[in-house]
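Chain by chain, the residues:
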Amino acid sequence: MPPSYQPATLAIHADDVCSNTTDVAPPIHLSTTYRYPSDPLQLIPSPEADEELTPEVLGTDAPLVYSRLAAPNASRLETALASLLFPSFTATSTTKLSTNVVVYASGLAAFHALLVSVVPKVIAVSGGYHGCHGVISLHKKMHGVKTVDLHASEEEWDKAGLGKGDLVHLETPLNPTGESYEIEKYAKRAHARGALLSVDSTFGPPQLQDPFAWGADIVMHSGTKYVGGHSDMLCGILAVKPGVEGDKRALEMRLERLFLGGVMGNLEGWLGIRSLRTMELRVKRQSKNADNLVAWLDGCIRGSITGEEADLVKHHVVKVTHSSLQKDSYLAQQMPNGGPAVFAIWLADSTAARSLPSKLKLFHHATSLGGVESLIEWRRMSDNTVEDTMLRVSIGIEDWNDLRFDFIEGLKAMDTK
Ligand SMILES: Cc1ncc(COP(=O)(O)O)c(C=O)c1O
């Protein structure tokens, strides 16, 4: 694909190369096992333990053997994703970018695979999705990995022994608050001591943010969210920065995935391709909707918007957080097209926070995010690290004024109960 095509075009056509049928819609491949070539000369034996790994055996167009190693729907998804996740890289004669995208059964399966690949002795991490901390605690149990606060001083990182081969793991924008951190700053801090920077960019899908442009070595996504976009599939993604080291690591990850076993199901792989086609449209709309709603809520809370509705909001909503409210100058470059479609609000008390979701008609009271439908969650249901007055809001592709109206009606209903 010429590098000049825009993401909207790439999402439709980057995987045309995978098509070996005349179907316009990608076919669904369900087989777990594949017939070997009938020409004995084309039989490529699996690599010896000390043999160099190559894309010919492990890449997205390697001959199919068994679906725990590679499967057509997932490989096609990796091919399409590569065109979106590496906007600043072009394939060379030795690299095919799709090899550097590795999909997994879920976001957490991807994070586990990341730790299995890097085997850090120390991880700098703090806050963000609580599930990733659960994965880290499994690694603490297995081999005693240590953690240090991501935002701690250089002295504290020194004291923790964070150095070559270790991992700085930054989630931005952050779950559940929707606030951002400067990727470049953490890339510099990590690289200065020979550590790798991984970025969980789940809240910043390709239309919103390119962590590689700011120094990330490995980018992770829960593809369950914006890639899937319809709340009906689980998916995890690791994208490894192209280059000598990254290409080698990506091939190793592909081999390790065979033994971790956490591969995407065949149907999910197909759903992923289908969903990717509309990701650009969805994410743009969701981000714009969220920016509008956050500006409105914040305006009501701070008093720049006045009137009866604003009074109602101010009476109930104490605080709203979202990267569009941050004043940091790096954000205009890091997220030039708008903020994430998730933000958090705090209500006056826990009873109010528990009851608002069930007063709304257009927001499902449910966890997760990134789907076409708006969700609101009393976050204490799934996360024991947050205050019980917090609600996490994930904005869908509905009309934002309808969502605003629903919110006002919900607040009114709380007052009349
Ligand atoms: C930022 C972030 N990372 C990772 C995950 C885990 O993804 P999955 O649920 O696909 O395992 C989530 C899930 O909510 C998330 O929000």
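As shown above, the structure is provided for reference.
Residues numbered from 1 in each chain as written. Predicted model: local features only at pLDDT ≥ 70, side-chain atom pairs only at ≥ 80, totals over all residues. Heavy atoms only, no water.

J.: Quick question: what am I supposed to make of the overall build of the chain here?
T.: For the chain, the helix and strand inventory stands at 14 helices and 12 strands. Taken over the C-alpha trace, the chain has a radius of gyration of 22 Å; the compact-globule value for 417 residues is 22 Å, and the two agree within 12%. Projected onto the principal axes, the alpha-carbon positions of the chain cover approximately 80 × 55 × 40 Å. Scored against the burial criterion, the 417 residues of the chain give a buried share of 53%. At a minimum sequence separation of 6, the contacts of the chain that also span at least 24 residues come to 70%. For the chain, the exposed surface amounts to about 19100 Å²; the carbon and sulfur share of it is 55%. (Helix = DSSP H or I, 4+ residues; strand = E, 2+ residues; numbered from the N terminus. Rg over C-alpha atoms; globule rule 2.2 N^0.38 Å. Buried < 20%, exposed > 50% of the residue type's maximum accessible area, 1.4 Å probe, protein only. Contact = heavy atoms within 4.5 Å. Areas by Shrake-Rupley, 256 points an atom, 1.4 Å probe, with all protein chains shown as cover.)

J.: I would appreciate a short explanation of the environment of Val57 in the present structure.
T.: The topology assignment puts Val57 in helix H2 (residues 55-58). Linking Val57 and Leu331, residues 274 residues apart in sequence, is a C-alpha distance of 41 Å. Dropping the residues within four chain positions of it, Val57 is found in contact with Ile44, Pro47 and Ala62.

J.: Before we go on, may I ask you to explain the site of the ligand in this structure?
T.: The local shell around the ligand holds 14 residues, among which Gly107, Asn175, Asp200, Ser222 and Thr224 are the closest. The contact in question runs from an oxygen atom of the ligand to an N or O atom on the backbone of Leu108, over 2.9 Å. Between the ligand and Thr224 there is a distance of 2.6 Å, counted from an oxygen atom to a side-chain nitrogen or oxygen. For the shell around the ligand, the elements supplying multiple residues, two or more each, are helix H4 (107-118) and strand S6 (218-222). Residue composition of the shell around the ligand, by class: 5 nonpolar, 6 polar and 3 charged. (Near = heavy atom within 4 Å. Polar contact = N/O pair within 3.5 Å; in protein donor to acceptor, adjacent residues only side chain to side chain. Nonpolar A, V, L, I, M, F, W, Y, C, P; charged D, E, K, R; others polar.)

J.: In this structure, what is going on with the side chain of Ser222? I would like to understand it.
T.: Within the fold, Ser222 resides in strand S6. Assessed through its relative accessible area of 14%, Ser222 is described here as buried.

J.: I tried to follow empty space enclosed by the protein on my own but got confused; where do I start?
T.: Regions of empty space are outlined by a rolling probe, equal in size to a water molecule, passed over the atoms. For the structure shown, the criterion picks out 4 cavities of 30 Å³ or more. Roughly 70 Å³ of internal volume is contained in the largest cavity. The set of elements that each furnish at least two residues to the lining of the largest cavity consists of H2 and helix H8 (244-260). (1 Å grid on protein atoms, 1.4 Å probe; cavity = no way out; pocket = protein on both sides within 12 Å on 5 of 7 lines; lining within 4 Å. Points joined across faces, edges and corners; volume = space filled by probe spheres on them.)

J.: I would appreciate a short explanation of a nonpolar patch on the surface in the present structure.
T.: Together, Tyr36, Leu43, Val65 and Tyr66 make up a nonpolar patch on the protein surface, roughly 390 Å² of accessible area in all. One can find Tyr66 in the loop between H2 and helix H3 (72-85). (Patch = residues over 30% accessible without salt bridge, like charges linked within 9 Å, V, L, I, M, F, W, Y side chains within 5 Å. Salt bridge = Lys/Arg side-chain N within 4 Å of Asp/Glu carboxyl O.)

J.: What exactly am I supposed to notice about the layout of surface pockets here?
T.: Roughly 880 Å³ of internal volume is contained in the largest pocket. Lining the largest pocket are 42 residues, and of these Leu10, Ala82, Ser83, Leu84 and Phe86 sit closest to its centre. The set of elements that each furnish at least two residues to the lining of the largest pocket consists of helix H1 (7-13), H3, S6, helix H10 (279-302) and helix H12 (331-334). A per-element tally of the lining of the largest pocket places H3 first, with 5 residues. Along the lines of polarity and charge, the residues of the lining of the largest pocket split into 25 nonpolar, 13 polar and 4 charged.

J.: Can you help me understand a negative patch on the surface in this one?
T.: On the surface, a cluster of negative charge is made up of Glu48, Asp50, Glu51 and Glu52. Assignment of secondary structure puts Glu52 in the loop between H1 and H2. On the accessibility criterion, Glu52 (68% relative accessible area) is exposed. (Lys, Arg positive; Asp, Glu negative; His and termini not counted. Charge placed at Lys NZ, Arg CZ, Asp CG, Glu CD.)

J.: Teacher, can you tell me more about H8 here?
T.: For the α-helix, the turn length of 3.6 residues means that residues three or four positions removed from each other point alike. For H8, built from 17 residues, the straight-helix expectation of 24 Å at 1.5 Å per residue is met to within 8% by its first-to-last C-alpha distance of 24 Å. Within the sequence span of H8, burial applies to Gly246, Asp247, Ala250, Leu251, Met253, Arg254, Arg257 and Leu258. Looking straight down H8, one finds that the buried residues subtend no more than 150° of arc, so they occupy a single side. Those residues of H8 that are exposed and aimed more than 90 degrees away from the buried face are Val244, Glu245, Lys248 and Phe259. Residues of H8 that are buried in the fold lie against H2, H3, strand S1 (101-104), H4, S6 and strand S7 (236-240). A positive backbone phi angle near 80° is found at Gly261, which sits one or two residues after H8. (Expected span 1.5 Å × (residues − 1). Arc of directions from axis to C-beta.)

J.: Which parts of the structure should I look at to understand the sheet that holds S1?
T.: Hydrogen bonds between backbone groups are what pair the strands of a sheet, and the pairing can be parallel or antiparallel. Ordered by their spatial adjacency, 7 strands build an open sheet running S1-S7-S6-S5-S4-S2-S3, and the pairing between neighbours is mixed. Two strands close off the open sheet at either side, each with one partner strand: S1 and strand S3 (146-148). Across the sheet, the axes of successive neighbouring strands diverge by a mean angle of 20°, strand direction being ignored. Both strand S2 (residues 122-124) and strand S4 (residues 167-171) contribute to a ladder of 2 bridges, which runs parallel. The partner of Ile123 across the bridge, within S4, is Leu167. (Pairing = 2+ DSSP bridges. Axes fitted to C-alpha atoms, helices over the stretch in contact; angles between N-to-C directions.)

J.: Sorry if this is basic, but what is going on with the packing of helix H11 (residues 308-316) against helix H14 (residues 400-416) here?
T.: The angle between the axes and the distance between the axes are what describe a pair of packed helices. Remark: H11 packs on H14, axes separated minimally by 10 Å, with the N-to-C direction vectors making an angle of 65°. Note that H11 runs across H14; the crossing there is left-handed. Contacts between H11 and H14 pair Glu309, Leu312, Val313, His315 and His316 from the former with Arg404, Ile408, Leu411, Lys412, Met414 and Asp415 from the latter. For the contact of H11 with H14, the class distribution of residues is 5 nonpolar, 2 polar and 4 charged. (Left-handed = near helix turned anticlockwise from the far one by under 90°.)

J.: It is not clear to me how helix H5 (residues 130-143) should be interpreted in this structure. Could you clarify?
T.: In this model, H5 (14 residues) spans 20 Å end to end at C-alpha, consistent with the 20 Å of a helix rising 1.5 Å per residue. All buried positions along H5 are accounted for by Gly131, Cys132, Val135, Ile136 and His139. All buried residues of H5 fall inside an arc of 150° around its axis, so they share one side. Buried residues along H5 sit in contact with H4, S2, S3, strand S5 (196-200) and S6. Where H5 terminates, the next one or two residues include Gly144, which has phi positive at roughly 65°.

Purely geometric numbers; function is a separate question.
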